[in-house]
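Residue strings, one per chain:
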Amino acid sequence: MRIPRRAEGTDRSTLAMTFVAAGSFSAMLHSTDHQILYGRRGTGKTHALLYLSDLIERSGDVAVYLDLRTIGSAEGMYTDSNLSPAVRGTHLLVDTLEAIHDELLVVAFEREIGDQNRLLLALDALAEASTAVEVVGEVERETKFGGSAESSVGAELTVSPNAKVSATQRSSATAESRLRRTGIEQHHVVFGPLNRALRSITSALGPARLWLLLDEWSSVPFHLQPLLADLLRRSVLPTAGITVKIAAIERRSQFSQPSLSGDYVGIEVGADAASAVSLDDFMIFDNSRSRAQEFFGQLFYNHASTRLAVMIAQPPPDADSFIEATFRRNTFPELVRAAEGIPRDAINIAALAAQHAHHEPIGLPDVRQAARDWYLRDKQTAINANEPARQMLWLLVDEVVGRRHSRTFLLDQLVSARQETINELYDARLLHVLRRGIVDRKNPGTLYDGFAIDYGCYVSLLLDGDLKSRPRDRGGWLNSPKGVPPDEFNLAREAIHLAQLE
Ligand SMILES: Nc1ncnc2c1ncn2[C@@H]1O[C@H](COP(=O)(O)OP(=O)(O)OP(=O)(O)O)[C@@H](O)[C@H]1O
Ligand SMILES: [Mg+2]
């Protein structure tokens with residue numbers, strides 16, 4: 001019960017000790033590529049970034065970790081609608097640069113790294129350059145021509161080629177005076193001498209590399225996110241010697257925005273040398289149950305052993321013996337199922353189950369009850385105000401659990417990507433993806449995603465008696481190591497057609 005639910009409250013050396021890397025995640029995270037780390041709430045983004053910062057410092061590089069929720073001094077200024085978006089954007093960018101500056105100043109004073117004098121000079125230049133950063137609003141212009149054509153045609157007939165040029169120029173001048181200021185206001189970032197300041201910082205730090213770790217990207221107001229991304233794309237990303245990692249919640253972030261001129265403001269994920277990594281997808285564990293159990297077993301053991309070491313004389317020596325001592329037989333796999341690949345949910349459900357179990361080892365009914373409580377307490381309330389999402393969940397539960405007697409189902413990838421409510425339910429951790437991009441051999445070209453309805457939601461139906469029999473799981477193959485559907489399985493027929501549900 002004492003395992004912290006959020007990573008930011010724990011010191012970095014403890015986090016470095018408790019971190020469990022899923023598969024090749026750690027190696028990929030430690031690459032010098034710019035990356036956007038997507039993950040739903042509680043998937044371990046903060047823990048991963050802080051673990052990375054520990055790795056970085058150990059290898060002699062410089063890590064600057066920024067929690068974007070804590071940027072700036074004036075509370076709520078970025079959302080204050082009395083200020084124009086340009087002013088709010090400018091404040092956000094300047095505050096962010098200032099925070100980076102302050103962190104680097106600490107590095108300059110406290111660590112012996114690179115050339116200290118040059119670093120201090122470069123930091124002065126950064127402070128100076130950040131005052132020049134500005135977001136400017138610009139109204140997209142719409143040109144209205146009319147009436148001026150006659151004069152230019154007349155000029156063309158009578159005068160020499162040289163004169164013709166000046167005549168057309170004059171006509172366009174008259175046209176310009178008719179410009180109407182219409183359309184929406186567009187913003188762009190003026191970033192002045194920032195690049196030079198950043199370059200001198202990296203050269204003063206050399207050979208150490210600067211790693212900029214930005215957490216809680218999704219807490220930045222949605223409409224300001226592309227502006228901050230634009231500043232990064234044009235000043236930080238191209239600077240050699242800097243690596244940027246951003247932790248974000250996919251559905252709540254917007255890294256770029258098309259501008260009316262056909263260009264864009266912000267970072268084009270994938271294209272601008274910044275790739276996306278999904279922690280959610282890493283937690284699918286290639287659908288192998290045993291690897292998921294290994295991961296969560298290690299996770300609980302790591303977190304518990306730092307506390308057990310000071311509580312009891314002979315703490316369990318490894319994850320297996322810890323799990324064996326804490327859970328009754330066959331109970332831990334059920335907890336892993338209930339966690340649905342999300343560490344924070346696993347920790348919360350385990351804590352509730354431990355409450356139910358009192359002084360005994362945790363048993364199967366404890367886990368089921370805990371999963372149901374956690375679903376009712378946390379997950380369900382998250383969509384209470386969202387009527388369409390709630391409706392969609394109940395339609396799916398009716399169809400999948402009620403009619404098909406299953407917990408898993410398939411959706412056409414194109415359909416599910418477009419359906420906002422499906423994305424919202426996924427974001428609220430009420431739906432989970434078990435497998436992406438299942439190919440239909442009978443109908444190549446159509447791809448399916450395999451989903452599961454949240455374990456807690458499902459168990460609450462079982463426990464509260466809305467469900468008569470335990471369903472046989474027709475989608476069991478989704479969880480098998482190979483993930484191949486049985487021969488008689490017709491993907492196109494089995495997939496759920498959302499339009500028909502409604
Ligand atoms: N790979 C891991 N190894 C060990 N513990 C982990 C791991 N991933 C997450 N945890 C634990 O799970 C909990 C939630 O993690 P964390 O706070 O990093 O989530 P988050 O993705 O940052 O969530 P939020 O979006 O709400 O900020 C923490 O207690 C953290 O220590
Ligand atoms: Mg976090």
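A quick note: this is a predicted structure, and the numbers were derived from the prediction, not measured. The written sequence of each chain sets the order in which its residues are numbered from 1. Note on labels: chains are lettered from A, ligands numbered from 1, in written order. Only residues with pLDDT of 70 or above have their local features reported here, since the model is predicted, and side-chain atom pairs are shown and tallied only from 80 upward, although totals for entire chains, interfaces and linings are computed over all residues. Hydrogens and water are ignored here; the side-chain numbers use all heavy atoms of the structure.

**Student:** Honestly, the packing of aromatic side chains in this entry has me stumped. Any pointers?
**Tutor:** Within a pair of aromatic rings, the relevant descriptors are the distance that separates the centres and the angle that separates the planes. The pairing test for Phe, Tyr and Trp rings, Trp by its six-membered ring, is centres within 6.5 Å, and the orientation test on the planes gives stacked under 30 degrees, edge-to-face over 60, and tilted for anything in between. Tallied over the full model, the rule gives 9 aromatic pairs. Ring plane angle 70° and centroid distance 5.2 Å describe the contact between Phe 25 and Phe 282, whose orientation is recorded as edge-to-face. Of this pair, Phe 25 sits in helix α2 (residues 25-29) while Phe 282 sits in helix α10 (residues 279-282), and the two are 257 residues apart along the sequence. Note on Phe 25: relative accessible area 2%, which makes it buried. Between Trp 217 and Phe 255, the ring centres sit 4.7 Å apart and the planes meet at 15°, which makes this aromatic pair stacked. Separated by 38 residues along the polypeptide, Trp 217 in the loop between β5 (210-215) and α9 (225-236) and Phe 255 in the loop between β6 (242-248) and β7 (256-258) bring together distant segments of the chain. Side by side, Trp 217 and Phe 255 carry an identical accessibility label, which is buried. Runs of E in the DSSP output that reach at least two residues are strands. Runs of H or I that reach at least four are helices, and both are numbered from the N terminus. The cut-offs for exposure are 20% and 50% of the maximum accessible area for each residue type, with area from a 1.4 Å probe on protein chains only; residues under the lower value are buried, those over the upper are exposed, and the others partly exposed.

**Student:** Before we go on, may I ask you to explain the nonpolar core in this structure?
**Tutor:** What tends to happen in soluble globular proteins is that the nonpolar side chains get buried as a cluster. Judged by nonpolar contacts, the single largest core of 83 residues is most densely connected at Phe 300, Leu 396, Phe 409 and Ile 453. When residues in this core are grouped by element, the largest group, 8 residues, is from helix α11 (residues 289-311). In what follows, a contact means two residues having at least one pair of non-hydrogen atoms within 4.5 Å. Residues contacting Phe 409, with those up to four places away along its chain left out, are Leu 396, Val 400, Leu 431, Asp 449, Gly 450, Phe 451, Ala 452, Ile 453 and Ile 496. Counting 55 residues, the second largest nonpolar core, distinct from the first, contains Ile 36, Val 135, Phe 191 and Ile 267. Residues belong to one nonpolar core when they are buried, are Ala, Val, Leu, Ile, Met, Phe, Trp, Tyr or Cys, and are joined through side-chain atoms within 4.5 Å.

**Student:** What's the story with helix α19 (residues 455-463) in this structure? I'm lost.
**Tutor:** The periodicity of an α-helix, 3.6 residues per turn, causes residues three or four places apart in sequence to face the same way. Along α19, 8 of the 9 residues are buried, which leaves the element largely enclosed by surrounding structure. The elements touched by buried residues of α19 are α13 (332-339), α15 (364-382), α16 (387-403) and β12 (447-453).

**Student:** Would you mind showing me how to read the environment of Leu 299 here?
**Tutor:** Assignment of secondary structure puts Leu 299 in helix α11. Between the C-alpha atoms of Leu 299 and Ala 21, which are 278 residues apart in sequence, the distance is 9.4 Å. If near-sequence neighbours (up to four positions away) are discounted, Leu 299 is found in contact with Val 20, Pro 343 and Ile 347.

**Student:** Please clarify how a nonpolar patch on the surface should be interpreted in this entry.
**Tutor:** There is a patch of nonpolar side chains on the surface, built from Val 310, Met 311 and Ile 312 and spanning about 320 Å² of accessible area. Structurally, the position occupied by Met 311 is in helix α11. Residues qualify for a patch when their relative accessible area is over 30% and they have no salt bridge, like charges being joined within 9 Å and the nonpolar side chains of Val, Leu, Ile, Met, Phe, Trp and Tyr within 5 Å. Only the protein chains shown count as covering a residue, and every accessible area follows the Shrake-Rupley method with a 1.4 Å probe. Within this document, salt bridges are pairs made up of a side-chain nitrogen of Lys or Arg and a carboxyl oxygen of Asp or Glu, the two lying within 4 Å of each other.

**Student:** Would you mind showing me how to read the pairing of β6 here?
**Tutor:** Of all the 7 residues making up β6, 7 are buried; the element is thus mostly covered by neighbouring parts of the structure. Pairing analysis gives 4 bridges linking strand β1 (residues 34-38) to β6, with the strands arranged parallel. Within the sheet, the bridge partner assigned to Tyr 38 lies in β6 and is Ala 248. Where β5 and β6 come together, 5 bridges link them in parallel fashion. DSSP calls a pair of strands paired once it identifies at least 2 bridges connecting them.

**Student:** Quick question: what am I supposed to make of the site of ligand 1 here?
**Tutor:** We call a residue near a molecule or strand whenever a single non-hydrogen atom of that residue lies within 4 Å of it. Taken together, 22 residues are adjacent to ligand 1, and Pro 4, Arg 41, Lys 45, Thr 46 and His 47 come closest. Identification of polar contacts relies on pairs of N or O atoms within 3.5 Å, with a donor-acceptor requirement for protein atoms, meaning one able to donate a hydrogen and the other able to accept it, and with residues adjacent in sequence counted only if both atoms are side-chain atoms. Within the side chain of Arg 6, a nitrogen or oxygen atom sits 2.8 Å from an oxygen atom of ligand 1. The contact in question runs from an oxygen atom of ligand 1 to an N or O atom on the backbone of Thr 43, over 3.4 Å. For ligand 1, whose free accessible area comes to 630 Å², the fraction covered by protein is 99%. Lining residues are those with an atom within 4 Å of a point, where the points come from a 1 Å grid over the protein atoms alone and group into cavities, where a 1.4 Å probe fits but cannot get out, or pockets, open sets with protein on both sides within 12 Å along at least five of seven lines. Just a note on the criterion: a molecule sits in a pocket or cavity if more than half of its atoms are within 2 Å of the grid points. The cavity where ligand 1 resides is the largest cavity. Residues are grouped as follows: nonpolar covers Ala, Val, Leu, Ile, Met, Phe, Trp, Tyr, Cys and Pro; charged covers Asp, Glu, Lys and Arg; every other residue, Gly included, is treated as polar. Residues that form the shell around ligand 1 fall into these classes: 8 nonpolar, 7 polar and 7 charged.

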